[in-house]
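Understanding the architecture of this molecule
Now for the letters of each chain:
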Amino acid sequence: MKTLVVVGNGMAGIACVEQILKHAPQFEITIFGDETHVNYNRILLSSVLAGERSADEITLNPLEWYLRNDIQLRLGVRVVDVNPEAKTVAGDDGSVTPYDTLLLATGSSAFKPPIAGLDKENVFAFRTLDDTRELLERAKPDVKAVVIGGGLLGLEAARGLQVRGCAVTVVHLMSTLMERQLDADGGNYLTGKMEDLGIRVLLRRSTTAIVGDERAEGVALEDGEILEADLVVVAAGIRPNVELGYKAGLHVNRGIVANDHMETSDPDIFAVGECVEHRGVCYGLVAPLLEQGKVLAATITGNKGPVYGGTVLATKLKIMGVDVFSAGDWSEQHADPIRFEDRALGIYKKLTVRDGKLVGAILVGDTADSHRYMDWLRTGADLSGRRSHLLFPPPASDGGLDLAEMSDAATICGCVGVTKGAIIQAIHEKGISTMSQLKEATRASTGCGSCTSLCQNILRAVAPEFEEEGKKVLCGCVPFAQDNLREILRSQKLKSVQEVLDIYGNGRGCEICKPALSYMLDMIWCGDHDEDRSARFINDRVHANIQKDGTFSVIPRIHGGVTSPDQLRRIADVADKYNVPMVKITGSQRIDLLGVRKEDLPKVWADLGMMSGQAYTKGVRMVKTCVGTEFCRFGTQDSTSAGIEMEHRFENLFTPHKVKMATVGCPRNCAEATVKDIGLVGQEGGWQVVVGGAAGKSVRKADLLITVETTGQALEAAELFFQYYREQANYLERTYDFVERVGIDKVRKETVYAPEAARRALLERLQKSKAAAKDAWLEGQSPVNPTQFIPLRPIESVMS
Amino acid sequence: MSWIRIATCDSIPPREGRAAVIGERQIAVFNLGDRFLAVDNLCPHQSGPLCDGIVAGDAVVCPLHAWKVNLETGAVARPAEQDHCVRTYATRVDDGVVSIDA
Ligand code: SRM
Ligand SMILES: Cc1cc2nc3c(=O)[nH]c(=O)nc-3n(C[C@H](O)[C@H](O)[C@H](O)COP(=O)(O)OP(=O)(O)OC[C@H]3O[C@@H](n4cnc5c(N)ncnc54)[C@H](O)[C@@H]3O)c2cc1C
Ligand code: SF4
Ligand code: FES
């Protein structure tokens, strides 16, 4: 075995190692990384900053991966010297490590422009997870942030900070934003969109200094203006890390020079990634680096042959609601431009065509067709035939792209470089039927994620039994997965359904997304939001269940199914007074008054003098109980009182789907606790707390969450699960699906077995919701609007 | 046909509908924020009360079985295959009062 030493534990280096491992084993591998993290998806730092993903969600290679492949990982160690004669590398920890083969994958660092005071506190780059953590710590509402640089990084940083509540100004030296990817017109459209988001953009302004003592207090511009700043991000470009190239005596220009086989001027030293210069180009995007990695893996393992011929660059801006795509050579020298723009819609498109072939594309405001154009660019397809509808393709069924029309060689995932053909092959060979399996098998859509919907379409089209996953988007109106949406609402402090629809959706909404968003807002903001009844199903506007004839059913809460002669009398009187067509004992130990007119509801509630049983909504239904120790000769626990207490703790709260509960005094289970969403099953000396049961559409025996001794502990366990379900489940996902999807082990780990602090936090959030929740039937006395329950009657009529 | 003054604009919250009772008939009046639209309060499917539906753009979704009715034209937008139509009524607003031509 030869020793392979890799310097740089980043995306290109590790992707290359992954490729090397596919060849016959011949190396003992040691990897040095001066960051203290395992390899993560640097691309997604923007999403982490914007709150769309958590930091641990972007790990690409967990520690197990390094262990599994016997890789020596030296985290936090910076390689400071290379000795090509002795064939050793020296670490800043004093270590000296010999190598037979050396792979430099040192990437690049943020460029530090000649600006005084860059060393002050609160001045950061945006390159690493640590940078991002620092920013997250300081990015608080009303913090004044200045971002120096209006390129991809700068803009994504700006949006991230603004999402956190900062007042953000972007200072850009050039006359338009992203001038390296967009022409002047495209740049202007982009500026408009950033300003619409509430980000201030200053163009043609050069920064001279960061002012303040130790801490940055402002940013001084050439023309003398000083921008107030509590936080400064420098995103003025990147510089390849080539020091080790020099030290190893390699041929170095802007980057470490590598040929088409990815060889450097030293036969035992190779380089890959952003630190490389290939045919005069240093790349700053992942796609080319991964292509380089494949070629290098072949060369380095003695399978020299494949060549790297350079890459057509494509850039996508990852800011929700600001779609920007740029690829190839869009300059207009010796190419005829084809343009479309719509100021009102903020859409700008430009294609450049040379001898019947597409050579460049710019899309702002609508990037649905980007994959089509990328395909044409890569394949150099002859377009003379379709010249007339290059910008307006025949309407396509799936997201602006007709899959069938796409060649198998067409790249679907630009980041990882996966073709349509490869995906289809994987689906057939490996019997793939879910997105996660597809990611696992092909790594497609594990980069910036912009091709996810495309992959799903292919799955839908090709996979025999395609399973939509929890990740699937809420609906066409707001095309985001529900967990992303929850994160968005939180981080962006969105507090009304219409706001969400306007910023992230089609502005209209429908009967699917409106109630779902209403639930999320209520769960997240606990009443500190704008409760919009127009977004609620009729049941939740009048707090009763609509019937086939337009009347409503009324089911008052009867805690634990225990009633009283007085209650029964009132129910009987109400039934008479409003001649209710049917009075029924329900399947949940309660009484249903069916066939009540909308306008009678408030009076009915008042006369009943009971609270809402929430039988009409996605909320807390009943707690069924059995008689337990009070009367039953087998009783081991006082299930009746426990059930009543439980119902009081949860009543009036909303949930992703209805939550039905039961408590029983012994395993004979007379109130069917083991087929309820949450059940307490009494036994000698304690309780079993069970969750995820059902006996409806589907029948499922509840899983054991935990066994405890006291009723207090049992109720607390129930509360932990209840709040966890409220926060983690998708709208309209019953606990039997939720527990099935997440897995009871994870549920246990994150509720009853979670660290003290986490448990307390869950309970506190539950209490916050509880404090804000009230009996919906109180609106009978104080309606939210004068016509909540009554129809309109003509004022007077005039002939015309 | 005659213009009937139904209610003050603010008695119908934005993006909600209300039933207007006119003799024997019920007409569903909707406030789309920038304008008011009126249709018969009878879903062509099984006579569900359209006024109680969720408004989706310029359509309403019936609360009973989610048929979707376009409020401008009265045409049924979902399910696609069938061609029922709901009767629509002209509306107008003067000094804060909604009238419908019924
Ligand atoms: C009134 C009642 C039947 C009865 O006369 O006993 C009833 C009536 C309705 N059930 Fe139920 N369910 C009733 C107990 C149950 C039970 C038994 C129980 O709760 O122990 C179940 C099985 C347990 C469960 O939920 O897992 C049950 C499983 C369902 C389901 C299927 C849920 C599932 O995912 O499996 C639906 C449909 C749904 O929710 O999507 C449903 C939906 C309905 C709706 C609300 C349908 C609708 O949207 O209009 C019915 C309203 C009728 C009406 O016009 O008022 N009802 N329903 C019971 C009211 C209980 C209460 O006091 O609140
Ligand atoms: C916020 C952000 C958003 C981005 N968005 C996109 C995008 O949308 N699409 C896209 O294609 N690309 C994007 N990129 C660029 C992409 O992340 C990089 O092209 C890619 O990560 C480069 O990989 P690399 O391995 O060459 O360098 P890196 O990922 O930087 O890895 C190099 C690693 O080596 C370490 N290292 C360097 N020198 C030494 C040494 N002497 N000793 C030990 N360790 C060392 C570095 O600390 C680093 O961890 C983005 C980058 C950022 C920062
Ligand atoms: S079982 Fe079906 S029909 Fe009976 S109440 Fe429940 S939903 Fe209605
Ligand atoms: S009655 Fe309207 S959808 Fe059935």
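All figures in this text were calculated on a predicted structure; none of them were measured in a lab.

**A few points about the overall build of chain A**
A count of helices and strands for chain A gives 24 helices and 41 strands. Counting the 800 residues in chain A, one finds 57% classified as buried. Of all intrachain contacts in chain A linking residues separated by at least 6 positions in sequence, the fraction that spans at least 24 positions is 62%. For chain A, the accessible surface area stands at approximately 33500 Å², while carbon and sulfur atoms represent 52% of it.

**Section: the overall build of chain B**
In terms of helices and strands, chain B carries zero helices and 11 strands. Counting only residues that meet the buried cut, chain B has 58% of its 102 residues in that class. Long-range pairs, those at least 24 residues apart, make up 40% of the contacts in chain B between residues at least 6 apart in sequence. Carbon and sulfur atoms form 49% of the exposed surface of chain B, whose accessible area is close to 4200 Å².

**Thoughts on the sheet that holds strand S16 (residues 231-234) of chain A**
Residues and elements named next belong to chain A. Within the open sheet, the five strands sit side by side as S9-S16-S10-S11-S12. Their pairing is parallel. Looking at which strands have only one partner, the edges of the open sheet turn out to be strand S9 (123-124) and strand S12 (200-202). Sheet topology places strand S10 (residues 144-148) next to strand S11 (residues 167-171); five bridges connect them, and they run parallel. Within the sheet, the bridge partner assigned to Lys144 lies in S11 and is Ala167.

**Focus on the site of ligand 2**
Residue and element names in this part refer to chain A. With respect to spatial proximity, 33 residues lie near ligand 2, and among them Asp34, Glu35, Arg127, Glu274 and Lys318 are the closest. Taken by itself ligand 2 offers 990 Å² of open surface, and the protein chains cover 94% of this. Those elements giving two or more residues to the shell around ligand 2 turn out to be helix H1 (11-22), strand S2 (27-33), helix H5 (152-163) and helix H8 (286-300).

**Observations regarding the interface of chain B and chain A**
Listed by partner, the interface residues are 30 residues for chain B and 35 residues for chain A. In total, chain B and chain A occlude about 2700 Å² of area from one another, counting both sides; carbon and sulfur atoms represent 57% of this. The salt bridge partner of B:Asp52 is A:Lys598, with a shortest N-O separation of 2.7 Å. Between chain B and chain A we count 13 residue pairs in polar contact (both at pLDDT 80 or more) in total.

**Examining the nonpolar core**
Counting 70 residues, the largest nonpolar core has A:Leu155, A:Leu161, A:Leu190, A:Met194, A:Leu317 and A:Ile423 as its most contacted members. One finds A:Leu4, A:Val38, A:Val79 and A:Leu250 within the second-largest nonpolar core, a separate group that totals 47 residues.

**Some words on helix H15 (residues 513-525) of chain A**
With 13 residues, H15(A) should cover 18 Å at 1.5 Å per step; its first-to-last C-alpha distance of 18 Å lies within 8% of that length. Phi for A:Cys526, located one or two positions after H15(A), is positive at around 50 degrees.

**Considerations on the pairing of strand S2 (residues 17-22) of chain B**
Residues and elements named next belong to chain B. Within S2, six of the six residues are buried, which leaves the element mostly enclosed by the surrounding structure. Alternating residues of S2 divide into Gly17, Ala19 and Val21 and Arg18, Ala20 and Ile22, and every residue in both groups is buried. Where S2 folds back onto strand S3 (residues 25-31) in an antiparallel hairpin, the turn is made up of two residues, including Gly23, whose phi is positive at roughly 60 degrees.

**Observations concerning the pattern of salt bridges**
Residues and elements named next belong to chain A. Applying the stated criterion across every chain, the model contains 50 salt bridges over all chains. Measuring nitrogen to oxygen at the nearest pair gives 3.2 Å for the salt bridge that ties Asp329 to Arg354. With a gap of 25 residues between them, Asp329 in the loop between strand S22 (322-328) and strand S23 (336-342) and Arg354 in strand S24 (residues 347-354) connect regions that are remote in the sequence. The residue Asp566 makes a salt bridge to Arg570 at a minimum N-O spacing of 2.8 Å. Of this pair, Asp566 and Arg570 are both found in helix H17 (residues 565-577), four residues apart, which corresponds to roughly one turn of the helix. Using a relative accessible area of 25% as the deciding quantity, one classes Arg570 as partly exposed. In this structure, a network of salt bridges that share partners links the residues Asp183, Asp185, Glu332, Arg339 and Lys350.

**Brief notes about empty space enclosed by the protein**
Scanning the entire structure with this criterion turns up five cavities of 30 Å³ or more. Along the wall of the largest cavity there are 13 residues; nearest its centre are A:Arg541, A:Val542, A:Gln788, B:Glu16 and B:Arg18. Those elements that provide at least two residues to the lining of the largest cavity are helix H16 (538-542) of chain A together with S2 of chain B. The biggest single contributor to the lining of the largest cavity is H16(A), with three residues. Split into classes, the residues belonging to the lining of the largest cavity amount to four nonpolar, three polar and six charged.

**So, the sheet that holds strand S8 (residues 76-78) of chain B**
Residue and element names in this part refer to chain B. Pairing is antiparallel in the open sheet, where four strands are placed in the order S5-S6-S7-S8. Looking at which strands have only one partner, the edges of the open sheet turn out to be strand S5 (54-56) and S8. Each adjacent strand pair in this sheet contributes to an overall mean axis angle of 35 degrees, direction not counted. The pairing of strand S7 (residues 68-70) with S8 spans two bridges and is classified as antiparallel. If you follow Val69 over to S8, its bridge partner there is Val76.

**What about the environment of B:Ile6?**
Within the secondary structure, B:Ile6 is located in strand S1 (residues 3-8). Taking the C-alpha atoms as reference points, B:Ile6 and B:Val29, 23 residues apart in sequence, are found 9.1 Å from one another. Beyond its immediate stretch of four places on either side in the chain, B:Ile6 contacts A:Leu792, A:Arg793, A:Pro794, A:Ile795, B:Ala20, B:Ile22, B:Val98, B:Ser99 and B:Ile100.

**Re the state of the cysteines**
Residue and element names in this part refer to chain A. A complete count under the given rule lists zero disulfides over all chains for this structure. The thiol of Cys451 is not disulfide-bonded; the next cysteine sulfur, from Cys455, is found 4.0 Å away. The structure places no disulfide on Cys513, whose sulfur is separated from the nearest cysteine sulfur, that of Cys475, by 3.7 Å.

**Some words on the confidence of the model for chain B**
Residue and element names in this part refer to chain B. For chain B, per-residue confidence averages 93 on the pLDDT scale, and residues scoring 70 or more make up 97% of the total. When mean pLDDT is taken per element in chain B, strand S4 (residues 36-40) scores highest with 97 and S8 scores lowest with 85. In the predicted assembly, ipTM is 0.76 and pTM is 0.57.

**A look at the pairing of strand S11 (residues 97-101) of chain B**
Residues and elements named next belong to chain B. Burial runs high along S11: five of the five residues are buried. Because side chains alternate across S11, one face comprises the buried residues Val97, Ser99 and Asp101, and the other comprises Val98 and Ile100, equally buried. Where S1 lies against S11, five bridges are found, and the strand directions are antiparallel. Note that in S11 the partner of Trp3 across the bridge is Asp101. Bridging between strand S10 (residues 91-94) and S11 involves four bridges; their strand directions are antiparallel. Bridging across to S11, Asp94 finds its partner in Val97. Between S10 and the antiparallel strand that follows it, S11, lie two residues; Asp95 among them carries a positive phi value of about 25 degrees.

Here is what the cut-offs are and how they apply
Residues numbered from 1 in each chain as written. Chains lettered and ligands numbered in written order. Predicted model: local features only at pLDDT ≥ 70, side-chain atom pairs only at ≥ 80, totals over all residues. Heavy atoms only, no water. Helix = DSSP H or I, 4+ residues; strand = E, 2+ residues; numbered from the N terminus. Buried < 20%, exposed > 50% of the residue type's maximum accessible area, 1.4 Å probe, protein only. Contact = heavy atoms within 4.5 Å. Areas by Shrake-Rupley, 256 points an atom, 1.4 Å probe, with all protein chains shown as cover. Pairing = 2+ DSSP bridges. Near = heavy atom within 4 Å. Buried area = accessible area lost by both parts, 1.4 Å probe. Salt bridge = Lys/Arg side-chain N within 4 Å of Asp/Glu carboxyl O. Polar contact = N/O pair within 3.5 Å; in protein donor to acceptor, adjacent residues only side chain to side chain. Core = buried A, V, L, I, M, F, W, Y, C linked by side-chain atoms within 4.5 Å. Expected span 1.5 Å × (residues − 1). 1 Å grid on protein atoms, 1.4 Å probe; cavity = no way out; pocket = protein on both sides within 12 Å on 5 of 7 lines; lining within 4 Å. Points joined across faces, edges and corners; volume = space filled by probe spheres on them. Nonpolar A, V, L, I, M, F, W, Y, C, P; charged D, E, K, R; others polar. Axes fitted to C-alpha atoms, helices over the stretch in contact; angles between N-to-C directions. Disulfide = S-S within 2.5 Å. pLDDT = per-residue confidence, 0-100.

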